[in-house]
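# Topology and contacts: notes
What follows is each chain in one-letter form.
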Amino acid sequence: MSEKLSDAALDTIFRAARTYNGYTDEPVSTAELRAIWDLMKWGPTSANQLPARLIWCVSDEAKAKLAACTSAQNAPKILKAPVTVIIGMDTNFHEHLPELFPHTNAKAWFDGNAELREISALRNSTLQGAYFIIAARALGLDTGPMSGFDNGKVDAAFFADTPAVKSNFISTLGHGDPATIFDRLPRPDFDRFNSIA
């Protein structure tokens, strides 16, 4: 039986956590990036597919290249953030299933079925992107996940050498500046959007 997390831990991960539009000057180390991956990789994906492929834009050059692919509103956020992460998805994830899911021939489920691979890669890399956010928060960092970019441009700029990998979404990362957040938006009670069958 798993132990229930404390209210303080739940606040850190969910209730008090916010999406940040800007960050302090405190840097994010490579060790912290590795620590995020070493937590998020344990989140479940279907048949342990692990299709997410992350590019951590740390250098000014990488951030400028990414900012050129985004909306006018998002570009300054990327340029100023200590790190911006591209969460990509490998539509050829099935090639790794003999290692990652050796219990059965799971690779055969996806061979010759590009549509199924695309759907599964999107679903499971999105899950991994959520695990990235939770892991970052658990390690004392803040995130600013966003759309507002041209997937084709990002793919051409960052995944040209791996055409089976496509961008899913991006997120800034750092130590959030409280002055950059909006007022807390509504989160409806259970009965509004849920039903029990």
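Our subject is the structure that appears above.
Everything numeric in this text was worked out from a predicted model, so none of it was measured. (Residues numbered from 1 in each chain as written. Predicted model: local features only at pLDDT ≥ 70, side-chain atom pairs only at ≥ 80, totals over all residues. Heavy atoms only, no water.)

Within the chain, the regular secondary structure consists of 9 helices and 4 strands. In the chain, the succession of helices and strands from N to C terminus is α-α-β-α-α-β-α-α-α-β-α-β-α. On C-alpha atoms alone, the chain measures out to a radius of gyration of 18 Å, which is about the 16 Å that the 2.2 N^0.38 rule sets for 197 residues. Across its three principal directions, the C-alpha atoms of the chain cover 50 × 45 × 35 Å. The burial tally for the chain puts 41% of its 197 residues in the buried class. Counted over contacts in the chain with a minimum sequence separation of 6, partners at least 24 positions apart contribute 81%. Taken as a whole, the chain presents about 11500 Å² of accessible surface, with 56% of it coming from carbon and sulfur. Taking the average place of the 19 positive charges on the side chains of the chain and the average place of its 23 negative ones, the gap between the two points comes to 3 Å. (Helix = DSSP H or I, 4+ residues; strand = E, 2+ residues; numbered from the N terminus. Rg over C-alpha atoms; globule rule 2.2 N^0.38 Å. Buried < 20%, exposed > 50% of the residue type's maximum accessible area, 1.4 Å probe, protein only. Contact = heavy atoms within 4.5 Å. Areas by Shrake-Rupley, 256 points an atom, 1.4 Å probe, with all protein chains shown as cover. Lys, Arg positive; Asp, Glu negative; His and termini not counted. Charge placed at Lys NZ, Arg CZ, Asp CG, Glu CD.)

This next bit is on the side chain of Thr70. Topologically, Thr70 is positioned in the loop between α3 (60–67) and α4 (75–80). Residue classification places Thr70 among the buried residues on the basis of a relative accessible area of 14%. At a separation of 3.3 Å, a polar atom in the side chain of Thr70 contacts the main-chain amide nitrogen of Ala75. The contact partners of Thr70, leaving out residues within four places of it in the chain, are Ala75, Ile78, Gly148, Phe149 and Ile170. (Polar contact = N/O pair within 3.5 Å; in protein donor to acceptor, adjacent residues only side chain to side chain.)

In regular strands, side chains alternate between the two faces of the sheet. Among the 8 residues that make up strand β2 (residues 83–90), 8 are buried, leaving the element largely enclosed by the rest of the structure. Side chains Val83, Val85, Ile87 and Met89 project from β2 onto one buried face, and the interleaved Thr84, Ile86, Gly88 and Asp90 project onto a second face that is buried too. Where β2 meets strand β4 (residues 165–174), 8 bridges bridge the pair, whose relative direction is antiparallel. Considered in β4, the bridge of Val83 is made with Leu173. (Pairing = 2+ DSSP bridges.)

Once that is clear, we can look at the packing of aromatic side chains. All told, the structure shown has 5 aromatic pairs when counted by the stated rule. A ring pair is formed by Tyr20 and Tyr23, whose centres lie 6.5 Å apart and whose planes are at 35°; its orientation type is tilted. Residue Tyr20 shares its accessibility class with Tyr23, and that shared class is buried. A centroid spacing of 5.0 Å and a plane angle of 75° characterise the contact between Phe93 and Phe110, whose relative ring orientation is edge-to-face. Here Phe93, found in the loop between β2 and α5 (97–100), pairs with Phe110, found in helix α6 (residues 107–110); they are 17 residues apart in sequence, far enough to count as distant. Side by side, Phe93 and Phe110 carry an identical accessibility label, which is buried. Here the aromatic residues Phe93, Phe101, Trp109 and Phe110 are joined through ring pairs into a cluster of three or more. Its end group placed over the ring of Phe158, Lys65 keeps NZ or CZ at 4.6 Å from the ring centre. (Phe/Tyr/Trp six-rings, centres within 6.5 Å; stacked < 30°, edge-to-face > 60°. Lys NZ or Arg CZ within 6 Å of the ring centre and 35° of its normal.)

With 17 residues, the main nonpolar core has Ile36, Met40, Val85, Ile87, Phe132 and Leu173 as its most contacted residues. Looking at this core, the elements with two or more residues in it are α2 (30–40), β1 (52–57), β2, α7 (114–138) and β4. Counting residues per element, this core draws most heavily on α7, at 5 residues. When neighbours within four sequence positions are excluded, Val85 is seen to be in contact with Leu54, Ile55, Trp56, Phe132, Phe169, Ile170, Ser171 and Leu173. Formed by 15 residues, the second largest nonpolar core is a distinct cluster that contains Ala62, Cys69, Phe158 and Phe159. (Core = buried A, V, L, I, M, F, W, Y, C linked by side-chain atoms within 4.5 Å.)

Within a sheet, each strand pairs with its neighbour through backbone hydrogen bonds, oriented either parallel or antiparallel. One open sheet accounts for 4 strands, arranged β1-β2-β4-β3; its pairing is antiparallel. On the outer flanks of this sheet lie β1 and β3 (142–146), each paired with one strand and no other. Strand-to-strand, the axes of this sheet are offset by a mean angle of 25°, without reference to chain direction. In this structure, β3 lies alongside β4, joined through 5 bridges in antiparallel fashion. Directly across from Thr143, in β4, lies its bridge partner Leu173. Contacts from α7 reach β1, β2, β3 and β4, with the element oriented near 150° to β2. The sheet strands contacting helix α8 (residues 151–158) are β1, β2 and β4, and the helix crosses β4 at an angle near 90°. (Axes fitted to C-alpha atoms, helices over the stretch in contact; angles between N-to-C directions.)

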